[in-house]
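The primary structure of each chain is shown beneath.
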Amino acid sequence: MLLFALVSVAHAGTAVTGERSPTGEKHPGTIVNEDKVGGRTWTDRASEVPQTIAWVKVHARWVAVTRIVAVGTSTRREIHQYAEDGSLLQSTMQAPPPPR
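The shown structure was predicted, so the numbers you read here are calculated from the model rather than taken from an experiment.

J.: If you had to explain the nonpolar core to someone new, which residues and values would you point to?
T.: Residues I31, V49, A54, V65, I68 and L89 are the most contacted members of the largest nonpolar core, which totals 14 residues. Of all elements in the fold, only helix 1 (51-54), strand 3 (55-58), strand 4 (61-64) and strand 5 (67-72) reach the threshold of two or more residues within this core. Residue contacts for L89: discarding those within four places in its chain leaves V56, V58, V63, A64, V65, Q81, Y82 and A83.

Rendered as structure tokens:
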């Protein structure tokens, strides 16, 4: 399963969405997803994604994620999350599974 696919999954029935941070701040509303590997772009509402996708804690403060960009290859991706002002909040690198 690709890590980036988790970003677009709406979690129906999950009480904690990205509409508000863990400390109550309101999200600006949407997250633009750019899959540079697959060549597609789409937008999710913060209320349709988990709080862990819509917010990143930076220096003891919750910051809303408004853009997520996936780069790399079909077998190895990097996911970058950005704030509304364009600043990079967090990057995640896909690692290959451990050898058996």
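Okay, back to it.
J.: Explain the sheet that holds strand 1 (residues 30-35) residue by residue, including any values.
T.: Read from one edge to the other, the open sheet built from five strands follows the order 2-1-5-6-7, with strand pairing classed as mixed. Each edge of the sheet is formed by a strand with only one pairing partner; in this case those strands are strand 2 (40-45) and strand 7 (88-93). On average, each strand axis in the sheet is inclined to that of its neighbour by 15°, with strand direction left out of account. Taken together, the six bridges between strand 1 and strand 2 define a ladder with antiparallel strand orientation. In the strand pairing of strand 2, N33 is matched with W42.

J.: Requested: an account of unusual backbone geometry, with residues and values cited.
T.: Not every positive phi belongs to a glycine, and H59 is a case in point at roughly 50°. When you line up the elements, H59 lands in the loop between strand 3 and strand 4. Overall, the relative accessible area of 79% leaves H59 in the exposed class. One non-glycine residue, A60, lies in the positive phi region at around 65°. Examined against the element boundaries, A60 turns out to sit in the loop between strand 3 and strand 4. A relative accessible area of 71% means that A60 is categorised as exposed.

J.: Please give an account of the side chain of H27 that cites residues and values.
T.: Looking at the secondary structure, you find H27 in the segment before strand 1. There is a polar contact of 2.7 Å between the side chain of H27 and the backbone oxygen of V65. Not counting chain neighbours up to four residues away, the residues in contact with H27 comprise G18, E19, A46, A54, W55, A64, V65 and T66.

About the cut-offs
- Residues numbered from 1 in each chain as written.
- Predicted model: local features only at pLDDT ≥ 70, side-chain atom pairs only at ≥ 80, totals over all residues.
- Heavy atoms only, no water.
- Core = buried A, V, L, I, M, F, W, Y, C linked by side-chain atoms within 4.5 Å.
- Buried < 20%, exposed > 50% of the residue type's maximum accessible area, 1.4 Å probe, protein only.
- Helix = DSSP H or I, 4+ residues; strand = E, 2+ residues; numbered from the N terminus.
- Contact = heavy atoms within 4.5 Å.
- Pairing = 2+ DSSP bridges.
- Axes fitted to C-alpha atoms, helices over the stretch in contact; angles between N-to-C directions.
- Polar contact = N/O pair within 3.5 Å; in protein donor to acceptor, adjacent residues only side chain to side chain.

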